[in-house]
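# Structure at a glance
Spelled out, the chains give:
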Amino acid sequence: MNDAEYTKAFRFGYGIPLNGKFDPMAELEILPKRNLEAESELVGRIIYLGEQNALAKEAKMANADNPDAKKTKNKELNQQVQTYHAQDVHNAVMAAVTSDQMFSNRLQAFWANHFALGATNRFLRATARLYEATTIRPNMFGSFYDLLVAAELSPAMVYYLNLQNSIGPHSKFGNRSKKGFNENLGREILELHTVGVGGGYIQDDIVAFSKILTGWHVEKDSGQVVFTPGRAEPGTKSMMGKSFGGAKPQEQDAKDVFRFLANHSSTASFIAHKLTAHFVGPNNLDLEKTLEAEFKSSSGNLTAVYKVLLTHPASAAPLGKNMRNDFVFLVSALRAGKINQQALELKSRQEDKPPGNPMTVGSMENLTQKLWAAPSPKGWSDDPSFWLSPSVIGARLIRIPIIVKHFEDEEPAAFAARVLGPNLRPQTLSTIKLASSRQLALGLVLASPEFNRS
Amino acid sequence: MINRRNFLHAVAAAGAYSAMRGITFAAANSDKRLIVIIQRGGMDSLDAVQPIGDPDFAKLRPTGSARSFAVDNYFAFHEALTPLKPLFEAKELSVIHSLSTPYRNRSHFEAQDYLERGADAHDTTDTGWVNRLITLMGGTKFNFAADVGSGSQLVMRGPAPYLNIGTNNELGFWSDSTQFLEMLYNGDKDFAPVMAGVQANMQQSMMAEDDQHPGKGIEATCSLTARMMKEECRIASFSIYGWDTHDNQETRLGKSLEALSTAITQLKQELGPVWANTLVIAASEFGRTAHFNGTGGTDHGTGGAAFLAGGLLANGEGGKVINKKWPGLSHDKLLEARDLMPTDDVRRYMGWALADLYGISPGDLSSKIFPGVDVGSKLKLI
């Protein structure tokens, strides 16, 4: 690979490609398709969770004098969900480690972080990976509008940002049950997913949008997100200077708002800013402006935007201004060395523990960035200074011995040259030559500033 | 471990740093401890510390708020704060009610920035107020202050050195080869300073076997914090999550308040005699809507409450719900007819605490630590 290819592979992938060739433009020619297997798995898990929750309740009622019955059921269910989660984390890491579509994989992680989940409860832990596979991946090459609708009206997002029980207070169901709505999803869509903070909305707009979103919920029997007019707030709502909906609430009302937000100029600049910050780094105003213009002129055609991102001069500039996040660091590290297949398998452990693997699941548990569990809906930061803190780097350093222990023997200087290419610093080379063991030398390559930057 | 040699070294270093920076005041050798807990997500102050003496409270939340126990003739604590009752009675705990930062737009992320930057305007500074406090005190050693937990908090960030340490630390081959990391990072503008911090963390990690609760969770965080504060650490901060209770507040708020209760009681227990010299401040970015929403929870609001704890309170404002001016809860008294109206700026109380703890002057408080804040009519907190 020449220097320019190395730069691209670091910036838009996980470093050196498996087959020696990195062609992100070619990836954009592959037609996205629905992941039917993941779709049916998702529905299966949602139905399973619904049934099991009902069983737990029944167990409690049937055994009113025996509180342990519910506890036992809950424990069983927790173990099942922990197993799903461990498998999902392992599969997510390994999918990236073995992928020959590095750019698509990076884009998937980017959008999963833009529409971030905080998988803190059973439902979200069981569905987060499938959310990425069914919602993000198939929709991220089309229009931003399609991706937006898919993400917001996915079972995981509906649960995460509390749309599931949000009811129009004057709807049929609201009148009967005296239930109402909350503002969580409406607010975060505006602030974090579309126009951004300062994007031109006030508190009243959040309330109006939250009312428009009522009616959408996960139907537990089918595992699908559906619109039920009897749960939706009737009436015309005024939001950001526009009118939406009417006396009879319809599916289309929320979609009209999504269309309006997807076409809003603040959305174009917010998405352009985030793509730039994630892939290239801060202070690339020209790239941001160019992406914003393409987003607007193509009506949010994401593939067209990616093409501009890949070909803009800023994307060919030398590396070093940005930092790899923990997931990219880990995947890049696992791709860098030659690791025995068996060592990378998910292994069962004692009976009451979920399966694990210290390199994949163990790493994602102990690095700062947890998969699908950002500390807030804002997702993980793209600010390089966030990834440069002693606790983040310290956690990476702690993982390195656990990983390089499985690397096949390789001459450290050759390893450094292969993994770091034109970015290998003389200082790194001279340090690894002094290292007291081969494993330590390989570890120093993964610890080097040029391996952690991008 | 505090021994005479280390102690003298710390004092000498602080003195040199102060002289170098032209700082005449150096409190780096104070024996007072400050622990700042950020309650991320927006705590519902009206459920945590319920104004049962306000006749509108019962109307506002006929069924909504949790079981509670009265602590004076106006306020009651949420039942999940029961472990804190003995502390309140011993004047080692107080609550300040109807507070906020100057921020009014109800975004978590902007509101947390305000709380952590300690500034009036959103963009005037990109350092945390604790970091500016460390600078002002002349703290020059990494283990003088600590940001505990994975990730890093804005409230600690800035040029003054501090530990940024997580609770899970197995060093592998690095334990006897950090000199190679130093060589690797030497001269790099980003990694060299990080390495200094990593190395300080590693030294702490080697002592981790002394911790009463190794591993993960709030217990481990508090153990690590307490162990460091019994040594040279004077200022520490960590976060407690889970306050964003848009639905199912009954369960969710209870869990978060339990975590807060655990944190405070465990710090007291593990700090032992040092607790007498400690002040804990726990604050959240905003309060929540006065009315319950339609899903058994509350949405983002404005006026909130903060907790103070520590042995130092016993000689000051301990054992009180401090509220200089209760704003009322009738429809017309709420901010925009939805939120508890804030009647004071949380930064004033934090500023007064710093004045009492470390003798920070009013001028420094309102220019360097909490720019623009009015620190007049001081309350002696400790």
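Small disclaimer: the values here were computed from a predicted structure and weren't measured. (Residues numbered from 1 in each chain as written. Chains lettered and ligands numbered in written order. Predicted model: local features only at pLDDT ≥ 70, side-chain atom pairs only at ≥ 80, totals over all residues.)

The next subject is the overall build of chain A. Secondary structure summary: chain A contains 23 helices and 4 strands in total. Taking 22 Å as the expected radius of gyration for a compact globule of 454 residues, we find that chain A reaches 24 Å, a close match to that expectation. When its C-alpha atoms are laid out on the principal axes, chain A stretches across 75 × 60 × 40 Å. Considering chain A as a whole, with its 454 residues, one finds that 52% of them fall into the buried category. (Helix = DSSP H or I, 4+ residues; strand = E, 2+ residues; numbered from the N terminus. Rg over C-alpha atoms; globule rule 2.2 N^0.38 Å. Buried ≥ 20, exposed ≤ 12 C-beta atoms within 10 Å, placed from the backbone.)

In this section: the overall build of chain B. Secondary structure assignment for chain B yields 12 helices and 12 strands. A compact globule built from 382 residues would reach a C-alpha radius of gyration of about 21 Å, and chain B, at 21 Å, matches this within 12%. Taking the intrachain contacts of chain B between residues at least 6 apart in sequence as the baseline, contacts between residues at least 24 apart amount to 72%. (Contact = placed C-beta atoms within 7 Å.)

The next thing to look at is the sheet that holds strand E2 (residues 49-50) of chain B. All names here are of chain B. The 3 strands lie next to each other as E2-E4-E3, forming an open sheet whose pairing is antiparallel. The open sheet has two edge strands with one neighbour each: E2 and strand E3 (68-70). One ladder, built from 3 bridges, connects E3 with strand E4 (residues 76-78); its direction is antiparallel. From the neighbouring strand, Phe-69 faces E4, where its bridge partner is Phe-77. (Pairing = 2+ DSSP bridges.)

The next subject is the nonpolar core. Residues and elements named next belong to chain A. Among the nonpolar cores identified, the biggest contains 135 residues, and Leu-117, Val-331, Leu-444 and Val-445 are the most heavily contacted of them. Mapped onto the domain boundaries, this core takes at least three residues apiece from domain 1 (22-316) and domain 2 (326-452). Other than its neighbours up to four places away in sequence, Leu-117 contacts Leu-124, Ala-128, Tyr-131, Ala-156, Tyr-160 and Trp-372. (Core = buried A, V, L, I, M, F, W, Y, C linked by C-beta atoms within 7 Å. Domains from an automatic or database assignment.)

Listed by partner, the interface residues are 41 residues for chain B and 45 residues for chain A. Those elements that place two or more of their residues in the side of chain B that touches chain A are helix H5 (108-117), strand E7 (163-165), helix H7 (178-185) and helix H8 (191-206) of chain B. For the side of chain B that touches chain A, the residue count by class is 14 nonpolar, 19 polar and 8 charged. (Nonpolar A, V, L, I, M, F, W, Y, C, P; charged D, E, K, R; others polar.)

With that out of the way, let us pick up the pairing of strand E1 (residues 33-39) of chain B. Residue and element names in this part refer to chain B. Burial analysis of E1 places 7 of its 7 residues in the buried class, which makes it a mostly covered element. In E1, alternate side chains face the same way, and those of Arg-33, Ile-35, Ile-37 and Gln-39 on one face and Leu-34, Val-36 and Ile-38 on the other are all buried. In terms of strand pairing, E1 meets strand E9 (residues 278-284) through 7 bridges, oriented parallel. From the neighbouring strand, Arg-33 faces E9, where its bridge partner is Thr-278. In the sheet, E1 pairs with strand E8 (residues 235-240) via 6 bridges, with the strands oriented parallel. The residue bridging Gln-39 from the neighbouring strand is Ile-240, located in E8.

Residue and element names in this part refer to chain A. Domain assignment breaks chain A into domain 1 (22-316) and domain 2 (326-452). Here the C-alpha centroids of domain 1 and domain 2 sit 30 Å apart. On the side of domain 2, 26 residues touch domain 1, which itself brings 28 residues to the contact. At the level of secondary structure, the elements contributing two or more residues to the side of domain 1 that touches domain 2 comprise helix H4 (68-97), helix H5 (102-114), helix H10 (184-193) and helix H13 (265-279). If one sorts the elements of the side of domain 1 that touches domain 2 by residue count, H4 sits on top with 12 residues. Looking at the side of domain 1 that touches domain 2, its residues break down into 15 nonpolar, 11 polar and 2 charged.

Further remarks concern the packing of helix H22 (residues 438-447) of chain A against H7(B). Interaxial distance between H22(A) and H7(B) falls to 11 Å at its minimum, and their mutual angle equals 40°. Judged on the interaxial angle alone, H7(B) and H22(A) are oblique. Between H22(A) and H7(B) the crossing geometry is right-handed. Along its contact with H22(A), which presents Leu440(A), Leu444(A) and Ala447(A), the element H7(B) presents Phe180(B), Leu181(B) and Leu184(B). Residues that form the contact of H22(A) with H7(B) fall into these classes: 6 nonpolar, no polar and no charged. (Axes fitted to C-alpha atoms, helices over the stretch in contact; angles between N-to-C directions. Parallel < 35°, antiparallel > 145°, perpendicular 65-115°, else oblique. Left-handed = near helix turned anticlockwise from the far one by under 90°.)

With 27 residues, helix H3 (residues 36-62) of chain A extends 38 Å between its outermost C-alpha atoms, agreeing within 8% with the 39 Å of an ideal straight helix rising 1.5 Å per residue. Residues of H3(A) that are buried make contact with helix H6 (122-136), helix H8 (155-160) and strand E1 (216-219) of chain A. (Expected span 1.5 Å × (residues − 1).)

Its location among the elements puts Ser391(A) in helix H19 (residues 390-404). In this structure Ser391(A) comes out as buried when scored by C-beta crowding, with 24 C-beta atoms within 10 Å. Ser391(A) sits 23 residues away from Thr368(A) along the chain, and the two C-alpha atoms are 7.9 Å apart. Among all residues touching Ser391(A), those that are not within four sequence positions of it are Thr368(A), Ser150(B), Gly151(B), Ser152(B), Asn164(B), Ile165(B) and Gly166(B).

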